[in-house]
Structure formats: structure tokens, C-alpha cells
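Listed below are the residues making up each chain.
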Amino acid sequence: MHLAPKIVAFMIALVLCIGLPVLSIAAKSKNAAVEKTAENEKAAQLLAQGCKTLTALSTYSFQATVTLDKVYQDGSKIQTNRSMAVTVQRPGAFRIVTDGDDFQAISVFDGKTFTLALPGQKVYAQISAALDTDGLMDMLATKYGIESPLGDLLSNEPCAMMPNKAGYYVGKSKVDGVVCDHLFFQGKDVDWQLWIEDGPLKLPRKIIITEKKLKMCPQFTAVLSDWKTGENAKGNFSFDVQGFTRDDNVILGAKQGK
């Protein structure tokens, strides 16, 4: 049986019309996969450049405006604010002055002694620690449970302990008027976002950490500004105990205010 030419033409057109969307979707899926791979590679490259910039610094300082979520047993999630002035001298000295809604502290390390002072209560604690900064942070974490989301910015190898996560390049974004590259990294328990300055020095300008496995998924946000390096960042890494009373329990209670 022969089909009329008009019917044959109609059937061919119908097949083409049905097939074209399928081919189009397949092409789009392939293009999307290629684009995603390119974005992942770009995120990894920018992160590597940022790590290289940080690792090359010997003496530096910056200001951090921090917001963090505190989750309570009844399910309440309350956001608090802190400002931090940070000065670092590698390999083993730093000074951090924290002034916040919930926590005021001065942390000083000179390569031999770590001091944590609470100016509001006029008390301080000290630990003998002839270590570099990385060794001190390891000790504070393992022995006292004290860790800081900004710890990588103090480290001598700021990206050495960074977990291997899937990265994605989000795009250009401004942080306090500074043009940055916005990166997103996804992990099993923690997601984090990083804004790296789009300039000769790939300095971090903003960090967001999301604790996905914790109740209410609390976030830590730090906006970083006023970066200084070299002679412009010279700091004082000693602590004057005059007017303060020593109380080593301050270290034991510091985990709550980290």
C-alpha cells in the first residue's frame, strides 16, 4: 500500500518535530555539563590563587566584621555581631582583639606564651606554648576544644587542611564596593562561600560557613577589610597583665565564646 505524498510529508514533519526537542534537550544537557566543569575548574583556580597570596604573606593585618548564629535548645536561632582586629606575624605570633555583642576578648601569642584576656572581667589566662601558630591552634583544638572559623587566616599554610569539596564559580560580586569573584564549595557536613578580591592580590574579602549537620543550620559570616602587609602591619605581640587577675579557668570557658 502506498501512502499519498501529502501524508508521507506530514509524517516526516511530525517525526522531525518530535525529534528536535529531544536533540535540543540533549545538546543543552551536554552544554550545561561542559559549563559546569568549566565553572568548577575556574573556582579551583581562583581558590589556588587566593591560597598562594595568603601563603606568601609574612606580616599582615586585617579587620573582620563577623555575624554568627547561636542556636539554643528550644530551637531559637539568634544572630550576634562581633568586630575583630587581627595582626599576624609568621610563623608564630598573632594578636586578635574581639569586641562583640556577646563576647569581648584579647588573644595574644608571641611564639612562647598564649594569653587569653577578658577585658570586661579584668581576668586573663596563659599557656606556655613554644610552638608555631599551627602547633598552637592544634593544641587549643585538641586539649581545650577552642577552634575559630578564621583559623585558616592565621595559619602558616592557610589551605593545607582545607577539605576537598566540590567548587563552583558563582560570578562577580561586590563586597564593600570591592569587586570580587564569588566561589561556592559544597561538602557533606559544611558548605562555605568565599569572595576573593579581583585584583593583583587575591585577598579574601568575605567568608560564609554553613553548618548543614547542626540544628537550624547556623551560619558564620565574616567581611574582611583594611588589609595591610609588611611594615604597615607591624603589631604588638606581648600582653600587659597590669590591672588584670590571672584565672586559668578562662581558657576552659573560652569554647563558648569562640
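Read on for an overview of the structure. For clarity, every value in this text was computed on a predicted model and none was experimentally measured.

### Considerations on the pairing of strand β2 (residues 77-89)
As paired elements, strand β1 (residues 59-71) and β2 share 13 bridges and run antiparallel to each other. If you follow Val-66 over to β2, its bridge partner there is Arg-82. What sits between β1 and β2 in their antiparallel hairpin is a turn of 5 residues, with Gly-75 showing a positive phi close to 95°. The pairing of β2 with strand β3 (residues 93-100) spans 8 bridges and is antiparallel. Pairing of Val-88 across the sheet is with Phe-94, part of β3. Turn length for the β2-β3 hairpin, with the two strands adjacent in sequence and antiparallel, is 3 residues.

### Side note on the packing of aromatic side chains
Applying the stated rule across the entire model yields 7 aromatic pairs. On the basis of an interplanar angle of 45° and a centroid distance of 5.8 Å, the ring pair of Phe-94 and Phe-109 is categorised as tilted. Of this pair, Phe-94 sits in strand β3 while Phe-109 sits in strand β4 (residues 104-109); the two residues are 15 residues apart in sequence, bridging distant segments of the chain. Each member of the pair Phe-94 and Phe-109 is classed as buried. By way of ring pairs, the aromatic residues Tyr-60, Phe-62 and Trp-227 are connected into one cluster. In this structure, Lys-42 is placed above the aromatic ring of Tyr-169, and the distance from its NZ or CZ to the ring centre is 4.1 Å. Just above the ring of Trp-195 sits the side chain of Lys-206; from NZ or CZ to the centre is 4.6 Å.

### Considering the sheet that holds β4
Spatial ordering of the open sheet is given by β7-β8-β9-β10-β11-β1-β2-β3-β4-β5-β6-β12, a layout of 12 strands whose pairing is mixed. Because the sheet does not close on itself, it has two edges, and the strands there are β7 (166-175) and β12 (245-246). As paired strands, strand β5 (residues 113-118) and strand β6 (residues 123-128) are joined by 6 bridges and run antiparallel to one another. Considered in β6, the bridge of Thr-115 is made with Gln-126.

### Topic: the pattern of salt bridges
Under the definition given, this model contains 8 salt bridges. Across the pair Asp-248 and Arg-246 runs a salt bridge, and its minimum N-O distance is 3.1 Å. The exposure class of Asp-248 is partly exposed, given its relative accessible area of 39%. Taken together, the salt bridges that share partners define one network made up of Lys-172, Asp-181, Asp-198 and Lys-202.

Reading the values: rules and limits
- Residues numbered from 1 in each chain as written.
- Predicted model: local features only at pLDDT ≥ 70, side-chain atom pairs only at ≥ 80, totals over all residues.
- Heavy atoms only, no water.
- Pairing = 2+ DSSP bridges.
- Helix = DSSP H or I, 4+ residues; strand = E, 2+ residues; numbered from the N terminus.
- Phe/Tyr/Trp six-rings, centres within 6.5 Å; stacked < 30°, edge-to-face > 60°.
- Buried < 20%, exposed > 50% of the residue type's maximum accessible area, 1.4 Å probe, protein only.
- Lys NZ or Arg CZ within 6 Å of the ring centre and 35° of its normal.
- Salt bridge = Lys/Arg side-chain N within 4 Å of Asp/Glu carboxyl O.

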